[in-house]
2 protein chains.
Amino acid sequence: RIIECLNEILFIIYLQYVEFCFSYSHYLRFCSLRFCFQAVYFSSTFRVSASQEGYDEVQWNSSSESHPPWLRFHLGITRWELYPQHDPNMELLTQQIATQRIVSAVQKSGGTQLKLVMSFPNYGQALFKPMKQEREEETNYNLYYFSDFERHNAEIAAFHLDRILGYRRVPPAVGRLVDVVKEIKDITTDRKLAKTFFTSPVGNVCFYGQCSYYCSTEHAVCGRPLNLEASLAVMLPDLSLAPRRSWRSPWRRSYSRSKLAKWETEPNYCSTIKKTAPYNKGTRLVDFMDMVILDFLMSNMDRHHYETFEKFGNSTSLLHLDNGRAFGRHSKDEPSILVPLQQCCRIRRSTWLRLRLLSLPQYHISDVMRASLSTDALHKVAPLLTEPHLAALSRRLKTVLDTVSLCQKQQKEAGRESVFYDDLGSLEK
Amino acid sequence: RIIECLNEILFIIYLQYVEFCFSYSHYLRFCSLRFCFQAVYFSSTFRVSASQEGYDEVQWNSSSESHPPWLRFHLGITRWELYPQHDPNMELLTQQIATQRIVSAVQKSGGTQLKLVMSFPNYGQALFKPMKQEREEETNYNLYYFSDFERHNAEIAAFHLDRILGYRRVPPAVGRLVDVVKEIKDITTDRKLAKTFFTSPVGNVCFYGQCSYYCSTEHAVCGRPLNLEASLAVMLPDLSLAPRRSWRSPWRRSYSRSKLAKWETEPNYCSTIKKTAPYNKGTRLVDFMDMVILDFLMSNMDRHHYETFEKFGNSTSLLHLDNGRAFGRHSKDEPSILVPLQQCCRIRRSTWLRLRLLSLPQYHISDVMRASLSTDALHKVAPLLTEPHLAALSRRLKTVLDTVSLCQKQQKEAGRESVFYDDLGSLEK
């Protein structure tokens with residue numbers, strides 16, 4: 001039995017080695033011994049958990065045909081995008097996390113608000129964020145960005161918007177009605193979580209978990225009476241397998257009610273940043289601007305850090321994780337989010353062309369988003385973004401394009417470098 | 001100077017003694033030495049504070065003509081009502097707390113939510129509760145009654161409703177737009193309070209104070225940009241002067257998410273209570289029913305205790321204090337609040353007649369409340385109760401009258417005592 005088991009493990013080590021190295025073969029250093037060694041841990045974990053109740057017997061082999069969608073997603077990650085533009089795997093992946101049986105649900109530590117990690121029979125995992133706010137509610141104007149709720153629909157809408165912008169840097173996120181009793185309370189092994197379940201005065205089942213913000217009885221999340229809207233985002237490869245690096249945003253807010261950040265007082269702030277690594281080389285600065293544009297469109301003020309995969313070094317686009325505080329207010333735009341673009345006057349040409357396309361009547365950003373969001377399972381419960389939020393996208397897109405136009409004018413007059421980072425040079429020739 | 005001061009104190013001891021004893025002369029035991037002795041403390045306090053900046057020189061003497069409205073109010077309190085039906089003092093009193101300069105504002109300890117005690121130049125004091133919820137917001141249905149916000153407009157509306165019902169057992173409460181900087185932050189001597197002021201992202205000045213519920217940055221109360229709606233309720237005589245007794249309500253809720261109270265499971269609960277002091281004698285039971293009817297009409301589930309003035313013993317009506325959790329939901333009635341009436345089938349005849357009057361088209365409760373509330377200073381900012389809340393009053397009044405009718409039928413069939421406690425016997429003859 002032990003020998004059989006060891007054999008299986010060895011096979012999987014080999015299998016994972018082949019798979020990962022194949023997938024990333026054009027980045028040789030990714031295929032370091034250390035990385036593939038970690039695959040052992042990864043695989044052996046699977047063999048152990050395979051004996052647990054509720055999980056499927058692992059059936060996949062070295063043929064990618066046999067891989068579950070989440071593994072195909074992990075293996076398909078490149079330094080420039082999390083998934084390809086036309087990915088046949090995407091539909092099955094999102095469908096599975098929206099419908100597969102939930103085998104396990106435990107709280108995820110870290111972060112300030114309640115979230116759960118849910119596991120599926122095929123070992124796929126998703127990050128669960130519960131609905132906390134009605135669609136038509138706007139974030140209280142007196143709340144600071146660091147006190148805002150996380151919104152499940154913002155996580156889903158951010159995935160769609162990021163894809164529409166052509167970035168593909170947000171992990172796939174879908175909506176799902178979760179039965180808080182059968183799919184969380186009854187199956188969780190997390191006692192601290194289980195202890196916080198209660199029945200509300202109107203007979204809804206609620207829970208609040210343990211976390212640093214809003215984890216109290218007054219802020220409980222509740223089923224109606226059992227069904228709770230939530231976002232489920234596909235988990236990225238485990239950190240032990242694919243470590244990530246966290247970068248402090250140069251345009252980070254002060255996270256204080258009284259202090260101003262440096263960029264808020266120094267108009268020439270960007271000229272310093274442009275000379276500072278890693279923004280002084282490669283695509284990092286325009287990658288950052290891509291993220292700034294996404295954040296301005298969805299009014300996300302909470303991008304204090306961003307992440308990259310360590311193995312890809314500095315030649316990689318940024319991961320757009322954690323978008324729950326976006327889409328809080330539709331009636332107000334937040335010009336300060338766009339400050340990096342205004343100060344640096346630098347944008348990828350491909351991004352600019354995409355934005356112009358999305359401002360045309362036939363590809364109007366609000367319409368494209370509406371259509372894209374309507375494919376989500378929660379759409380039939382209620383549209384994921386209200387019409388005022390969709391209208392805000394179009395208004396904000398105009399502001400981004402106007403900012404670029406102003407940059408062009410300024411740079412031309414000053415005889416400075418072009419606003420555009422030419423990533424389409426070969427196509428134009 | 002000391003002798004002069006002592007003389008003044010002695011004069012005021014005498015004055016207070018005469019005043020209080022005169023006012024309550026028909027209840028001799030009220031005029032105990034102890035009570036009047038406490039007046040010394042009361043008066044000497046005044047003489048000391050008179051030297052403080054911002055307060056008027058005390059000008060009043062033994063003639064009630066010279067008394068400020070708040071003192072007339074205190075002296076006019078009887079065991080059956082806090083103020084007379086036709087009280088020429090009431091208009092001046094409410095007008096003063098709505099407009100007089102605020103000399104001091106400090107947090108009031110006790111209770112679970114933020115409240116302040118505000119003082120005026122003539123030594124009057126009022127209890128300040130800030131606006132926390134928009135008028136059109138309904139309390140979250142999943143919140144337990146003990147987690148609900150306190151509402152400033154509920155305090156004001158409760159005063160009006162209680163007066164309309166002919167009880168006069170809620171201390172006068174008015175609305176006021178308070179400048180949170182000039183009228184709180186700049187003048188407070190309460191450092192713990194002052195420390196919690198900040199400017200919100202949209203430039204409103206906010207504060208949250210220190211208390212056990214909702215005193216945190218996420219639940220701050222904010223001016224627009226400086227003006228904050230609030231309720232100001234006239235303070236009752238100091239507890240050292242007129243001590244009060246707190247009574248646990250026999251129909252108190254369990255204040256637990258899982259436990260039921262005894263009255264919820266025992267249909268004959270009232271027959272026990274009717275035999276138990278003080279409900280077995282005098283008017284206590286029908287006084288309690290008066291309060292139950294008020295609470296059902298305004299949907300206040302939070303009446304765990306009620307108070308009486310100790311000096312009046314058991315022959316006194318109840319004080320209807322602390323109504324901030326009323327008027328939380330208009331679209332739902334809470335039948336459990338009416339359970340005491342259903343179980344005891346006992347009501348004052350005068351109360352019943354008043355309720356019938358308020359159900360007639362020409363004295364319709366919703367119309368009378370709308371008219372009464374429109375006299376408040378905050379009415380011009382926004383009506384204190386929205387139309388759905390006014391409509392709910394009428395719907396709930398019908399439920400109360402139906403309950404009494406059902407009681408009449410049941411008692412008649414069973415040959416039991418009349419539903420009515422006849423407090424109008426002499427009038428009918």
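Residues numbered from 1 in each chain as written. Chains lettered and ligands numbered in written order. Predicted model: local features only at pLDDT ≥ 70, side-chain atom pairs only at ≥ 80, totals over all residues. Heavy atoms only, no water.

(A) Molecular detail of a nonpolar patch on the surface. All names here are of chain A. A cluster of nonpolar side chains, L357, L360 and Y363, forms an exposed patch at the surface whose accessible area comes to about 250 Å². Looking at the secondary structure, you find L357 in helix 12 (residues 349-357). Classification of L357 by relative accessible area gives partly exposed; the value is 37%. (Patch = residues over 30% accessible without salt bridge, like charges linked within 9 Å, V, L, I, M, F, W, Y side chains within 5 Å. Areas by Shrake-Rupley, 256 points an atom, 1.4 Å probe, with all protein chains shown as cover. Salt bridge = Lys/Arg side-chain N within 4 Å of Asp/Glu carboxyl O. Helix = DSSP H or I, 4+ residues; strand = E, 2+ residues; numbered from the N terminus. Buried < 20%, exposed > 50% of the residue type's maximum accessible area, 1.4 Å probe, protein only.)

(B) Region of the structure containing the packing of aromatic side chains. Scanning the entire structure with this criterion turns up 38 aromatic pairs over all chains. Judged by centre distance (6.2 Å) and plane angle (55 degrees), the rings of F198 of chain A and Y144 of chain B are tilted. Of this pair, F198 of chain A sits in strand 5 (residues 198-199) while Y144 of chain B sits in the loop between strand 3 (125-130) and helix 5 (152-164), placing the two residues on different chains. Among the aromatic residues, those joined into a ring-pair cluster are Y144, Y145, F146 and Y255 of chain A together with F198 and Y208 of chain B. Across from the ring centre of W352 of chain A, 4.1 Å away, lies the NZ or CZ of R356 of chain A, which sits over that ring. Above the ring of Y145 of chain B, the side-chain terminus of R253 of chain B is found at 5.5 Å from the ring centroid. (Phe/Tyr/Trp six-rings, centres within 6.5 Å; stacked < 30°, edge-to-face > 60°. Lys NZ or Arg CZ within 6 Å of the ring centre and 35° of its normal.)

(C) Region of the structure containing the relation of the copies chain A and chain B. Each copy superposes on the other: chain A lies on chain B with an RMSD of 0.0 Å after a rotation of 180 degrees and an axial shift of 0.0 Å. Taken together, these values place the two copies in the relation of a two-fold axis. Comparing interface residues between copies, 100% of those in chain A also sit at the interface in chain B, which points to an isologous, same-surface contact. (Least-squares fit on C-alpha atoms with pLDDT ≥ 70 in both. Contact = heavy atoms within 4.5 Å.)

(D) View of the packing of helix 3 (residues 69-76) of chain A against helix 4 (residues 88-99) of chain A. Residues and elements named next belong to chain A. The contact between helix 3 and helix 4 brings their axes to 9 Å, and the two run at 130 degrees. Put simply, helix 3 runs oblique to helix 4. Like other packed secondary-structure pairs, helix 3 and helix 4 cross with a definite hand, here left-handed. Along its contact with helix 3, which presents P69, W70, R72 and F73, the element helix 4 presents N89, L92, L93 and Q96. Looking at the contact of helix 3 with helix 4 residue by residue, the class counts come to 5 nonpolar, 2 polar and 1 charged. (Axes fitted to C-alpha atoms, helices over the stretch in contact; angles between N-to-C directions. Parallel < 35°, antiparallel > 145°, perpendicular 65-115°, else oblique. Left-handed = near helix turned anticlockwise from the far one by under 90°. Nonpolar A, V, L, I, M, F, W, Y, C, P; charged D, E, K, R; others polar.)

(E) Inspection of the sheet that holds strand 7 (residues 221-222) of chain B at higher detail. All names here are of chain B. Taken together, 3 strands build an open sheet; the order of strands is 5-6-7 and the sheet is antiparallel. Bordering the open sheet on either side are strand 5 (198-199) and strand 7, each of which pairs with just one other strand. In the sheet, strand 6 (residues 205-207) pairs with strand 7 via 2 bridges, with the strands oriented antiparallel. Its bridge partner lying in strand 7, F207 is registered against V221. (Pairing = 2+ DSSP bridges.)

(F) The arrangement of unusual backbone geometry in detail. Residue and element names in this part refer to chain B. At the junction of R224 and P225, the peptide bond is cis and its omega measures out at -15 degrees in the coordinates. Along the chain, P225 falls in the loop between strand 7 and strand 8 (227-234). The linkage connecting A277 with the following residue, P278, adopts the cis geometry, with an omega of 0 degrees. Summarising the element assignment, P278 is placed in the loop between helix 9 (269-274) and helix 10 (284-298). At R168, a residue that is not glycine, the phi angle is positive and equals roughly 60 degrees. The topology assignment puts R168 in the loop between helix 5 and strand 4 (173-179). Phi at D322 is positive, roughly 70 degrees, even though this residue is not glycine. Mapped onto the elements, D322 comes out in the loop between strand 10 (305-309) and helix 11 (339-344). Residue classification places D322 among the partly exposed residues on the basis of a relative accessible area of 48%.

(G) Up close: the side chain of H219 of chain A. Along the polypeptide, H219 of chain A turns up in the loop between strand 6 (205-207) and strand 7 (221-222). Only 3.0 Å separates the side chain of H219 of chain A from the side chain of H219 of chain B, close enough to count as a polar contact. With sequence-adjacent residues up to four places away left out, H219 of chain A is seen in contact with F149 and Y214 of chain A together with H219 of chain B. (Polar contact = N/O pair within 3.5 Å; in protein donor to acceptor, adjacent residues only side chain to side chain.)

(H) Expanded view of the sheet that holds strand 1 (residues 104-107) of chain B. All names here are of chain B. On the basis of which strands lie adjacent, the open sheet formed by 5 strands has the order 1-2-3-8-4 and antiparallel pairing. At either margin of the open sheet sits one strand with a lone partner, and together these are strand 1 and strand 4. The sheet shows a mean angle of 35 degrees between the axes of neighbouring strands, taken without regard to direction. Its contacts with the sheet place helix 4 (residues 88-99) against strand 3, strand 4 and strand 8, and it is angled at close to 20 degrees to strand 4. Across the sheet, helix 5 is in contact with strand 3, strand 4 and strand 8; its angle to strand 8 comes to roughly 40 degrees.

(I) Region of interest: the pairing of strand 2 (residues 116-119) of chain B. Residues and elements named next belong to chain B. Going residue by residue along strand 2, you find L116 and M118 tucked away on one face and V117 and S119 tucked away on the opposite face as well. As judged from the 4 bridges shared by strand 2 and strand 3, these two strands associate in the antiparallel manner. Looking across to strand 3, one finds that M118 is bridged to A126. The turn linking strand 2 back onto strand 3 is made up of 5 residues, and Y123 within it adopts a positive phi angle of 75 degrees.

(J) Summary view of helix 10 of chain B. Residue and element names in this part refer to chain B. If you check helix 10, its first and last C-alpha atoms are 21 Å apart, about what 15 residues at 1.5 Å a residue would give, namely 21 Å. In terms of burial, helix 10 is a largely internal element, 15 of the 15 residues being buried. A positive phi of about 55 degrees marks S299, the residue just after helix 10. (Expected span 1.5 Å × (residues − 1).)

(K) View of the UniProt feature "binding site: Mn(2+)" (unreviewed entry) in chain A. All names here are of chain A. Look at the UniProt record and you will see "binding site: Mn(2+)" (unreviewed entry) annotated at E150 and D322. These annotated residues cover 173 residues of sequence, but their C-alpha atoms sit close together, with the largest distance between any two at 9.1 Å. Sequence-distant contacts of D322, defined by excluding residues within four places in its chain, comprise K129, E150, E155, N300 and R303. (UniProt positions renumbered as here; feature names shortened; annotations may be inferred.)

(L) Representation of the UniProt feature "domain: FAM20 C-terminal" (unreviewed entry) in chain A within the structure. According to UniProt, the positions carrying the feature "domain: FAM20 C-terminal" (unreviewed entry) are residues 197-413 of chain A. Within the segment residues 197-413 of chain A, helix and strand shares are 35% and 12% respectively, and the terminal C-alpha atoms sit 63 Å apart.

(M) Layout of the environment of L232 of chain A. Residue and element names in this part refer to chain A. Within the secondary structure layout, L232 lies in strand 8 (residues 227-234). Between the alpha carbons of L232 and E134 there is a distance of 18 Å; along the sequence they are 98 residues apart. Residues within four places of L232 in sequence aside, it is in contact with I97, M118, F120, A126, L127, F128, P172, A173, V174, R176 and V178.

(N) Up close: the interface of chain A and chain B. Contacts between the two partners involve 21 residues from chain A, matched on the other side by 21 residues from chain B. Buried area between chain A and chain B, summed over both chains or domains, comes out near 1900 Å², and the portion from carbon and sulfur atoms is 54%. Linking chain A with chain B are 9 residue pairs in polar contact (both at pLDDT 80 or more). Looking at the side of chain A that touches chain B residue by residue, the class counts come to 11 nonpolar, 7 polar and 3 charged. (Buried area = accessible area lost by both parts, 1.4 Å probe.)

(O) Representation of the environment of L385 of chain A within the structure. Residue and element names in this part refer to chain A. Within the secondary structure, L385 sits in the loop between helix 13 (365-373) and helix 14 (387-414). A C-alpha to C-alpha distance of 8.7 Å links L385 and E136, two positions 249 residues apart in sequence. If sequence neighbours within four positions are ignored, L385 has contacts with N153, A157, F327, M369, L373 and L390.

(P) Just the side chain of T351 of chain A, in detail. Residue and element names in this part refer to chain A. Along the chain, T351 falls in helix 12. When its relative accessible area of 4% is taken as the criterion, T351 is described as buried. A distance of 2.7 Å separates the side chain of T351 from the side chain of D290, its partner in a polar contact. Contacts of T351, omitting those with residues within four sequence positions, involve Y167, D290 and I293.

(Q) Spatial organisation of the pattern of salt bridges. Residues and elements named next belong to chain A. Under the definition given, this model contains 51 salt bridges over all chains. Two residues, E81 and R168, come together in a salt bridge whose shortest N-O distance is 2.8 Å. Here R168 lies in the loop between helix 5 (152-164) and strand 4 (173-179) and E81 lies in the loop between helix 3 and helix 4, a separation of 87 residues in the sequence. In this structure, the salt-bridge partner of D402 is K398, at a minimum N-O distance of 3.0 Å. Taken as a pair, D402 and K398 lie in helix 14 at a separation of 4 residues, close to a single helical turn.

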